[in-house]
Amino acid sequence: MKQERSIRVPAGIRCATAVAHPNIALVKYWGKRLAATNTPETASLSITLDTLTTTTTVAEKSGSDRIVVNGEAVRDAKIEQFLHLLRQNFAIPPLLIETSNNFPTASGLASSASGMAALVTAIDGAMDLGLSLEERSRWARRGSASAARSVTGGFTALAASNGWAAEPLLAPGEWPLNVVIAVTSRERKTVGSTEGMELSRRTSPFYGSWIESNARDFEAALEVVARRDFSALGAIAEASCLRMHAVMLTTDPPLVYWNAGTLEGIRRVRALREAGVGVFFTIDAGPQIKAVCLPGDADKVRVALAEMPGVQDIHVVGLGPGAACVSS
Ligand code: PMV
């Protein structure tokens, strides 16, 4: 699919546009084994979404890098560090990077995952780096660990067994599910995940048991995804989410990412399930409720969550593809 670029690039200038989607972990990652290479302490298993989109255009330019996020020229330490790292390995000229999200940035909707996946894919396309899917995933991981998983679509595993590169488990169409996302706040989070993880590793008394339980959850999740057992996956995902938040809450100072809407969302998802609806919840480092459901039940879930007091926005999404160049 060819797509219009919002920036005009003279002929002969190396340039590419990539699109990537956020992913949501059902078995969570929280904690780094090796900060220098952004290697996770725990394996994770995720689903990549469709309609929420990061679009990133990269073009060579003269002078120095220019980064434009959602239409505003910015200094972005994460992107700058990532470019520095790439340039230690590849000859990359100064770049114009223009990136935009069609959903709120840095509020627990995984914008860093889709952002880094789109960036590495666009740079690979523009500069003809010739990276394989696994290499793109490893580079995306260096920018943001969860980004490794947005390089692939559908169900994805990220584990030491594949050298911490994403491993596709099921394509989006192989087990179509919906995710209803209730945005309960549009504010940017106050403690970012890298800083929060390091605080948790140093101070949470639950950190050790979190690492142990994650290994069991990951193995069990691989097995239930292979046999597409929705209720077993839901039980594992909710337990993994709540254990991760238990680690966050017992961090010093405490990391409380929830708000009143988050708790009300949990209550409603449980009530729906008791009424026979195929749904489970998950929550990341932000207050948004993500309700994973069987496609036939998406409308009931959307209505129940949209009626909650304080809900700012509702997205109903499906499972989507991995990061890809749409023009170069
Ligand atoms: O990769 P980061 O730094 O965006 O951290 C992601 C952490 C969680 O979203 C909370 C969990 C996960 O596995 O995605």
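Residues numbered from 1 in each chain as written. Predicted model: local features only at pLDDT ≥ 70, side-chain atom pairs only at ≥ 80, totals over all residues. Heavy atoms only, no water.

The subject of this paragraph is helix α7 (residues 230–249). In this model, α7 (20 residues) spans 28 Å end to end at C-alpha, consistent with the 28 Å of a helix rising 1.5 Å per residue. With a side-chain oxygen positioned 3.4 Å from the backbone nitrogen of Ser231, the residue opening α7 is Asp229. (Helix = DSSP H or I, 4+ residues; strand = E, 2+ residues; numbered from the N terminus. Expected span 1.5 Å × (residues − 1). Polar contact = N/O pair within 3.5 Å; in protein donor to acceptor, adjacent residues only side chain to side chain.)

On to the packing of helix α8 (residues 260–274) against helix α9 (residues 298–306), then. Interhelical geometry of α8 versus α9 gives an angle of 145° and a closest axis separation of 10 Å. Our pair here, α8 against α9, has a crossing hand that is right-handed. Of the residues in α9, those touching α8 at Gly265, Arg268, Val269 and Leu272 are Lys300, Val301, Ala304 and Leu305. Residues of the contact of α8 with α9, tallied by class, amount to 5 nonpolar, 1 polar and 2 charged. (Axes fitted to C-alpha atoms, helices over the stretch in contact; angles between N-to-C directions. Left-handed = near helix turned anticlockwise from the far one by under 90°. Contact = heavy atoms within 4.5 Å. Nonpolar A, V, L, I, M, F, W, Y, C, P; charged D, E, K, R; others polar.)

Here the focus is the pattern of salt bridges. When their charged atoms lie close together, side chains carrying opposite charge are able to pair. Applying the stated criterion across every chain, the model contains 18 salt bridges. With a shortest N-O distance of 2.8 Å, Asp284 and Lys290 are connected by a salt bridge. Judged by its relative accessible area of 16%, Asp284 falls in the buried class. Residue Asp299 pairs with Arg302 through a salt bridge whose shortest N-O separation is 3.0 Å. Of this pair, Asp299 and Arg302 both sit in helix α9, 3 residues apart, roughly one helical turn. Overall, Asp299 belongs to the partly exposed group, its relative accessible area being 48%. Taking relative accessible area as the criterion, Arg302 reaches 31% and is therefore assigned partly exposed. Residues participating in the shared-partner salt-bridge network are Lys28, Asp284 and Lys290. (Salt bridge = Lys/Arg side-chain N within 4 Å of Asp/Glu carboxyl O. Buried < 20%, exposed > 50% of the residue type's maximum accessible area, 1.4 Å probe, protein only.)

Taken together, 14 residues surround the ligand, and among them Tyr29, Ala145, Ser146, Arg149 and Ser193 come closest. Ser193 places a polar side-chain atom, nitrogen or oxygen, 2.7 Å from an oxygen atom of the ligand. If the ligand stood free it would expose 380 Å²; the protein chains cover 93% of that surface. A breakdown of the residues in the shell around the ligand according to their chemical character gives 7 nonpolar, 4 polar and 3 charged. Both domain 1 (15–174) and domain 2 (178–318) contribute no fewer than three residues apiece to the shell around the ligand. (Near = heavy atom within 4 Å. Areas by Shrake-Rupley, 256 points an atom, 1.4 Å probe, with all protein chains shown as cover. Domains from an automatic or database assignment.)

The next subject is the sheet that holds strand β5 (residues 44–48). Backbone-to-backbone hydrogen bonds join strands into a sheet, with any given pair of strands oriented parallel or antiparallel. Taken in spatial order, the 4 strands line up as β2-β5-β10-β11 in an open sheet, and their pairing is antiparallel. With one partner strand each, in any of the chains shown, β2 (23–27) and β11 (166–170) form the two edges of the open sheet. The sheet shows a mean angle of 35° between the axes of neighbouring strands, direction not considered. Across 4 bridges, β5 lies against strand β10 (residues 155–158) in antiparallel orientation. Its bridge partner lying in β10, Leu45 is registered against Ala157. Contacting β2, β5, β10 and β11, helix α6 (residues 207–226) runs over the sheet at an angle of about 45° to β5. (Pairing = 2+ DSSP bridges.)

For strand β1 (residues 15–20), the tally of buried residues reaches 6 of 6 residues, placing the bulk of the element in the interior. Side chains Cys15, Thr17 and Val19 of β1 all project onto a buried face; the interleaved residues Ala16, Ala18 and Ala20 project onto the opposite face, where all are buried too. Alignment of β1 against strand β6 (residues 54–60), held across 6 bridges, turns out to be antiparallel. Among the inter-strand pairings, Ala18 is bridged to a residue of β6, identified as Thr56. Direction of pairing for β1 relative to strand β16 (residues 324–327): antiparallel, over a ladder of 3 bridges. When the sheet's bridge partners are listed, Thr17 is paired in β16 with Ser327.

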